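For reference, the chains in residue letters:
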Amino acid sequence: QVQLVESGGGLVQPGGSLRLSCEASGSILTMYGMGWLGWYRQAPGAQIGLVAAVASGGRTNYADSVKGRFTISRDNAKNMVYLQMKSLKVEDTAVYYCNTQPPRYEYWGQGTQVTVSS
């Protein structure tokens, strides 16, 4: 069984930065074997959507709304995936989750709340 635990959220002003972390634990040898990993977000009243994804070897994809502002990365040896967020906007407010890409139901965690507000 694999657990993904997100952390690093908080309250930040527009234009600010945050770095989210996701740690994988459980029945995995290394995160490399999990393939593509993604950060997702769900704003109030909205569906969950993919924000960014990173392949085992480091190739990345981003939603148009975050290109140039967010950077996804992973450390396979430490079983960690990160999301560096800069120039945050009010519309980035959401609960952020990590999961594989495509996501697996059993991997959804509690997420971490990001609130962008002045």
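Residues numbered from 1 in each chain as written. Predicted model: local features only at pLDDT ≥ 70, side-chain atom pairs only at ≥ 80, totals over all residues. Heavy atoms only, no water.

Engineer: Is there a simple way to explain unusual backbone geometry in this structure?
Structural biologist: Trans is the common state for peptide bonds, and a negative phi is the common state for residues other than glycine. Note that the residue after Gln101, namely Pro102, is joined by a cis bond; omega there is 5°. In this fold, Pro102 is placed in the loop between strand 9 (94–100) and strand 10 (112–116). The backbone of Asn79 shows a phi angle near 60°, a positive value even though the residue is not glycine. As for its position among the elements, Asn79 is in the loop between strand 7 (70–75) and strand 8 (80–85). Here Ser87, not a glycine, exhibits a phi torsion of approximately 50°, which is positive. Note on placement: Ser87 falls in the loop between strand 8 and strand 9. Taking relative accessible area as the criterion, Ser87 reaches 42% and is therefore assigned partly exposed. (Helix = DSSP H or I, 4+ residues; strand = E, 2+ residues; numbered from the N terminus. Buried < 20%, exposed > 50% of the residue type's maximum accessible area, 1.4 Å probe, protein only.)

Engineer: I'm lost on the nonpolar core in this one. Help?
Structural biologist: Buried together is how nonpolar side chains tend to be arranged in soluble globular proteins. In terms of nonpolar packing, the biggest core is built from 27 residues, with Trp39, Val81, Leu83, Met85 and Tyr96 touching the most fellow members. For this core, the secondary-structure elements that each account for two or more residues are strand 1 (2–7), strand 3 (18–26), strand 4 (37–42), strand 5 (49–54), strand 7, strand 8, strand 9 and strand 10. When residues of this core are assigned to their parent elements, the largest contribution, four residues, is made by strand 3. (Core = buried A, V, L, I, M, F, W, Y, C linked by side-chain atoms within 4.5 Å.)

Engineer: I keep staring at the sheet that holds strand 8 and nothing clicks. Help me out?
Structural biologist: The strands that make up a sheet are held in pairs by hydrogen bonds between backbone atoms, and each pair lies either parallel or antiparallel. A sheet is described by the order of its strands in space; here four strands give the open sequence 1-3-8-7, paired in antiparallel fashion. Only two strands of the sheet have a single neighbouring strand rather than two, namely strand 1 and strand 7. Looking at each pair of strands side by side, their axes are set apart by 15° on average, direction ignored. Across six bridges, strand 1 lies against strand 3 in antiparallel orientation. Across the sheet, residue Ser7 finds its bridge partner in strand 3, namely Ser21. (Pairing = 2+ DSSP bridges. Axes fitted to C-alpha atoms, helices over the stretch in contact; angles between N-to-C directions.)

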